[in-house]
Amino acid sequence: MLFLKFYQGLDHQQIADLMDINKQSVSNLLQKALITLRTLFPNNWQFWSFLLFSLH
């Protein structure tokens, strides 16, 4: 889902359609995934810089 959102540039509705889930579930799962990443890499500015700048 993170790949679809950040690397493929799909919006929440497109991801929902592709995964056959509702749009709210996409939002919830993306938020949960990002919180998990922030927990695993709390002070790793290199990781976040890479993630943010490699999105586009």
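All values reported here derive from a predicted model rather than from experimental measurement.

(A) Up close: helix 2 (residues 12-19). Capping the start of helix 2 is the job of one residue whose side-chain oxygen sits 3.1 Å from the backbone nitrogen of Q13: D11. At the exit of helix 2 stands D20, carrying a positive phi of roughly 55°.

(B) Quick peek at the packing of aromatic side chains. Scanning all chains against the criterion turns up one aromatic pair. Centroid distance F3 to Y7: 5.8 Å. Interplanar angle 15°. Geometry classified as stacked. One end of the pair is F3 and the other is Y7, both in helix 1 (residues 2-7) and four residues apart, which spans about a single turn. Assessed through its relative accessible area of 49%, F3 is described here as partly exposed.

About the cut-offs
Residues numbered from 1 in each chain as written. Predicted model: local features only at pLDDT ≥ 70, side-chain atom pairs only at ≥ 80, totals over all residues. Heavy atoms only, no water. Polar contact = N/O pair within 3.5 Å; in protein donor to acceptor, adjacent residues only side chain to side chain. Helix = DSSP H or I, 4+ residues; strand = E, 2+ residues; numbered from the N terminus. Phe/Tyr/Trp six-rings, centres within 6.5 Å; stacked < 30°, edge-to-face > 60°. Buried < 20%, exposed > 50% of the residue type's maximum accessible area, 1.4 Å probe, protein only.

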